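Single-letter residue listing:
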Amino acid sequence: MKFNKIDIIFISILLSFIIIMTFGITTFTNKSIELQQNEFKMRQIGKVEIIKSSMSIQINTLISHIDTLSKSKYAHLSIKDSILIPEIVKDDYMNHNELIAHTFLDKNLNPIGFYSKETNDKNSEIYSELRKYIENNYDTIKNIDDMLITNIKVTDNYEFFSIIKKIPTYSEVKYLIFTINLNSLIENYIKILPNNIMKSIFIIDEKKQIIHDHDEYEIGKNIEEIYKENPQIITLANKMVNNENGTETYFLTENEKTIQKLMSWTTLNMDERKIIIAMTEPLTEINQVITKLELIGIILGVVQLMFLMLSFYIYFDIKKKIGKEQSKKLEKIIHERTKELEKSKELISDQKEELEASNEQLIAYNEELIAQKEELEFSFEELNKVTEKFEEIIHIISKIDITKKPNRDQFLSDLFKSAMKITPEANYGSVFKYENDKIVFIDCVGHDLEKLQALDLKMEIFDPIPRERATIIKNINQYTLNNMEGSTKKEFADGSKLMKETLTFDLKIDDVKIAGISLDIALESEKYFGNESLKVMEAFRNIANAFFKIQKSQEKLEKYANYDELTGIYNRRMGMIILEEQMKFTKRYLTPLSICFLDVNNLKITNDKFGHNTGDKLLTDITMIIKQNIREIDILCRMGGDEFLIIFPKCTERNAEMIWERIKKDFDTINEIDKKDYEISVAHGIYEYKFDSFITLDELISFADKKMYTEKRKMKKDDKC
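Structure report, in brief. Everything numeric here is computed off the predicted structure, so don't read it as measured data.

This next bit is on the pairing of strand β16 (residues 512-522). With respect to burial, β16 is a largely interior element, nine of its 11 residues being buried. By the bridge criterion, six bridges tie strand β11 (residues 428-435) to β16 in an arrangement that is antiparallel. By the bridge assignment for β16, Val-431 is matched with Ile-517.

Within the largest apolar cluster, 37 residues are counted, with the highest numbers of intra-cluster contacts made by Ile-51, Met-55, Tyr-74, Leu-182, Ile-186, Ile-203 and Ile-275. When residues of this core are assigned to their parent elements, the largest contribution, eight residues, is made by helix α1 (residues 5-71). With 27 residues, the next largest nonpolar core counts Ile-422, Ile-442, Ile-509 and Phe-540 among its residues.

End to end, helix α16 (residues 572-589) covers 26 Å across 18 residues, agreeing with the expected 26 Å (1.5 Å per residue, within 8%). Listed in full, the buried residues belonging to α16 are Met-574, Gly-575, Met-576, Ile-578, Leu-579, Gln-582, Met-583 and Thr-586. Phi turns positive one or two residues past the end of α16, at Leu-590, with a value near 60°.

Moving on, we get to the pattern of salt bridges. In total, this model carries 21 salt bridges according to the counting rule given. Two residues, Glu-538 and Arg-541, come together in a salt bridge whose shortest N-O distance is 2.6 Å. Of this pair, Glu-538 and Arg-541 both sit in helix α15 (residues 531-562), three residues apart, roughly one helical turn. Note on accessibility: Glu-538 and Arg-541 belong to one class, buried.

The antiparallel open sheet is built from four strands, whose spatial order is β18-β19-β17-β20. For this open sheet the edge positions go to β18 (635-640) and β20 (682-689), each flanked by a neighbour on one side alone. For this sheet, the mean inter-axis angle between neighbouring strands, taken without regard to orientation, is 20°. Where β18 and strand β19 (residues 643-649) come together, five bridges link them in antiparallel fashion. Bridged to Ile-635 within β19 is Ile-647.

A separate point is the sheet that holds strand β13 (residues 457-458). The strands making up a sheet associate through backbone hydrogen bonding, with each pair oriented either parallel or antiparallel. The six strands are arranged β13-β12-β11-β16-β15-β14 in an open sheet whose pairing can be described as antiparallel. One side of each edge strand has no neighbouring strand; the edge strands of this open sheet are β13 and β14 (471-474). One ladder, built from two bridges, connects strand β12 (residues 438-445) with β13; its direction is antiparallel. Residue pairing across strands places Lys-438 opposite Lys-458, the latter belonging to β13. The sheet strands contacting helix α11 (residues 408-421) are β11, β12, β15 (499-509) and β16, and the helix crosses β11 at an angle near 150°.

Rules and cut-offs
- Residues numbered from 1 in each chain as written.
- Predicted model: local features only at pLDDT ≥ 70, side-chain atom pairs only at ≥ 80, totals over all residues.
- Heavy atoms only, no water.
- Buried < 20%, exposed > 50% of the residue type's maximum accessible area, 1.4 Å probe, protein only.
- Helix = DSSP H or I, 4+ residues; strand = E, 2+ residues; numbered from the N terminus.
- Pairing = 2+ DSSP bridges.
- Core = buried A, V, L, I, M, F, W, Y, C linked by side-chain atoms within 4.5 Å.
- Expected span 1.5 Å × (residues − 1).
- Salt bridge = Lys/Arg side-chain N within 4 Å of Asp/Glu carboxyl O.
- Axes fitted to C-alpha atoms, helices over the stretch in contact; angles between N-to-C directions.
- Contact = heavy atoms within 4.5 Å.

Listed below in structure tokens is the structure:
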């Protein structure tokens, strides 16, 4: 058979198409297999790293909780309370399964108490190892400020670790050692994982001792003992111990079947101990995917071969039957097929680009996982620091006793000193109050208080500075000096230091600004206020505002409890307390004491005829007139309704009557001048309490009350006449 030029072109194009398709299919298959393997491996590595991070957080959370226990229920524990100690530590064992022993030491590190979860030989060994550790590290333990964490070696294994905590107590207990079973802690964490992940997790230590495996009977054994006939597993275990992390494939025979597996591991370091966390999964699933991809490649190859054979058959059959005219049509078909071939090339090129993009996404996802892990570890450390600062804020401010009604300036000064104490970055600072639209400095550190207090500063000077929340301001001197003029600007500059940064905020009561606090970093300092300091000061501001609100509420409660709401004078309760104290004073110092019991005449008639507002006005007018005529040491209180009581300390009955005559004269003058539809009319009864008298408070009031009613009956009789 002879081939013409068209035949050669057709055959060349067809073979080129087959070669390109074969290359494309092979590339696609290999790239897909590689992507599937990488994705499986990266997913496994990501799971192991997340488990490591979570386990580290679990351990740190337990340590933090133990730190809290030592500062709360163990802070004031005395060994004299030995009856209570077993119940206290028993409660710890119930809440923390990993906690197995408590050791109490005196100031010379001598053991004065050892309590364990169970009584056995291992706990005896733990106690013995602790004694050795204390002897070998005496100076280190004595010099700890707060906490020391160490591993305890028992029977050649570092299964346990201890937290040595210094307790701020005045009793003989100065140190408390918490001993924790690290293996138990890890096992408890693994049990909360999903079942499919828990079965694939495999954990050993630096001695190749198994801490966790899905076959529980192997826990506690050594890998070299279990797999002594499998050198591949022992080699892999050595790699895990000597390398912080890694990924390896290996073969394992299970139920007379050899299975290929993938293992990824990472290391959690605990002092002298290594915790190697590994995840092992069979490659059955990924191998099945690879087999399917290879099968698809074979099928596509067969399809290509069939397409080649069919193309040859169609071409030569059509050429033979149709002749020259059909050959032209065939050339047209070949041209179209050539275009399809070009499109196929473009499609393969697009698929290649998609595969490369998928690979880039996978790499980006892995980087994102690593970044999230680092961010989680950083956030945990930052949270611990801020939590410690919050505890210090509450501890410092709670020492200020707001029930003693301190001078507000002193209270603000105490708050300012507390803020300086918990902000070590600050070199200077000041506290000021807002009074009559002026800024008045109360206290400061580093600045010249005398010069600042001499300034006449208006509140509007600080308006450009945002102080609603805790805010960091750079070069705050520029803000304030720009709003000042003349000598005030110079005097302020002389009295204040130059600041690089200022952390400032206002204090409020019911949304009304009452004061402000500023903490300053010196211009020459290398320090800066960070986000942690900003959060701490915002919490400080909220707590201080809450204290002010409580103080105001207490003042209101005190007013309602001691004063009459209508007249503003003492109520019956407070009047009785004052009278009882005056009676004691009279007996002690042998001085006279008189009381005057008053009853307002016709109050009910005034209320019924002119309304309760008029009756209230009558009572307030009477109160005002009495207060204008009595002495400063005299006490006026409302007993209730239309009854009043005047207490005259150091006053005889005769002198008290003279004071009453002045009051009565003013009543008559008001009645004449005002000429109202009602008049002020009050009946009174005065009784003197002798220092050698034995009458009670109730009897004293009763005697004055009887004299008042005698006058009241006389006044009614005179009105009828």
